[in-house]
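Given next are the chains, with one letter for each unit.
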Amino acid sequence: MKSNEARLSREQAKELLLRLDSNLGGARGKSARDAAVKLLNRSVPSYSWVGIYIVEGKDLVLDVWSGPAATEHVRIPIGKGVCGFAAKSGKTEIVSDVGKDPRYLQCFLSTKSEIVVPISSQGSVVGEIDIDGDQLDAFSSLDREFLEAVARKLSAIWS
Ligand code: SME
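Residues numbered from 1 in each chain as written. Predicted model: local features only at pLDDT ≥ 70, side-chain atom pairs only at ≥ 80, totals over all residues. Heavy atoms only, no water.

Caption draft 1: Layout of the environment of His73. Mapping His73 onto the fold places it in the loop between strand E2 (59-66) and strand E3 (75-77). By relative accessible area, which is 16% here, His73 ends up buried. Measuring from C-alpha to C-alpha, the distance between His73 and Ala36 comes to 20 Å, with 37 residues separating the pair along the chain. Not counting chain neighbours up to four residues away, the residues in contact with His73 comprise Tyr53, Leu62, Leu105, Gln106 and Cys107. Of the polar contacts made by the side chain of His73, one reaches the backbone oxygen of Gln106; its length is 2.9 Å. (Helix = DSSP H or I, 4+ residues; strand = E, 2+ residues; numbered from the N terminus. Buried < 20%, exposed > 50% of the residue type's maximum accessible area, 1.4 Å probe, protein only. Contact = heavy atoms within 4.5 Å. Polar contact = N/O pair within 3.5 Å; in protein donor to acceptor, adjacent residues only side chain to side chain.)

In C-alpha cells form, the structure reads like this:
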C-alpha cells in the first residue's frame, strides 16, 4: 500500500466522527475509550497502534489500546517522551520521523512516525490519544483536526 493511500481522507474523517457516536451508543469512561481505540485502529490503515493514556498524578498510565502488540511503556512520567511532552504542553505533537526526535521512547521497531493528542477537561490535561504509524510522515494536519475532535468527544464522556 502506498503511504498516501493509507492516510486519512477528509470524507473518512467526517464519516468516522459520526460512526464514533453510534459505536459508543451511550457508553462512557473506559468502555467508551476502548470502543474508540478499536474503531480508530481498524478503520484507518495508517494508524498502526492506537492507545489512550490517562493522567495519574505525575505520570501517564496506559488505559486502553488496540494494535498488534502490547507496549512496555505502560507508565510514562509527564515530561518524558513525546507522550509526556504533549501532556505537559497540552498541545498536539506530530513527529514525522521518530528516528530524528530525541524525545521519542521506542515501543515498536516498525514505528516510523507518531501523533499524540492531549485530552483536556476544564483546562487541564486528563489524558491523551497516542498513535504510532509504520510509515514516515503518516500524520497530517487533517489527522490532528480529526483526533482533536475525537479527544473533545472523549473528554465529554470521560467518567
Ligand atoms: N513513543 C511514545 C511512547 C509510547 S509508545 O509509542 C506506545 C513516546 O515517545 O512517548
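Now that the structure has been shown, the text picks up again.
Caption draft 2: Seen up close, the site of the ligand. What surrounds the ligand is a group of 13 residues, the closest being Val82, Cys83, Leu105, Cys107 and Glu114. Within the side chain of Asp132, a nitrogen or oxygen atom sits 3.2 Å from an oxygen atom of the ligand. Out of a free accessible area of 310 Å², the ligand has 100% covered by protein chains. Those elements that place two or more of their residues in the shell around the ligand are strand E1 (49-56), helix H4 (81-89) and strand E6 (124-133). Broken down by element, the shell around the ligand gets its largest block of residues, three residues, from H4. For the shell around the ligand, a count of residues per class yields eight nonpolar, two polar and three charged. (Near = heavy atom within 4 Å. Areas by Shrake-Rupley, 256 points an atom, 1.4 Å probe, with all protein chains shown as cover. Nonpolar A, V, L, I, M, F, W, Y, C, P; charged D, E, K, R; others polar.)

Caption draft 3: Examining the pattern of salt bridges more closely. Taken as a whole and judged by the stated rule, the model has 11 salt bridges. Between Asp21 and Lys153 there is a salt bridge, and its shortest N-O distance comes to 3.0 Å. One end of the pair, Asp21, is in helix H2 (residues 10-24); the other, Lys153, is in helix H5 (residues 141-156), and 132 residues separate them in sequence. The network of salt bridges with common partners includes Lys30, Arg33 and Asp63. (Salt bridge = Lys/Arg side-chain N within 4 Å of Asp/Glu carboxyl O.)

Caption draft 4: Representation of the packing of H2 against H5 within the structure. For the pair H2 and H5, the least separation of the axes is 10 Å and the interaxial angle reads 10°. One element, H2, and the other, H5, form an angle in the roughly parallel class. Listed contacts from H5 to Arg10, Ala13, Leu16, Leu17, Leu20 and Asp21 of H2 are Leu142, Glu145, Phe146, Ala149, Val150 and Lys153. When grouped by side-chain class, the residues that make up the contact of H2 with H5 number eight nonpolar, no polar and four charged. (Axes fitted to C-alpha atoms, helices over the stretch in contact; angles between N-to-C directions. Parallel < 35°, antiparallel > 145°, perpendicular 65-115°, else oblique.)

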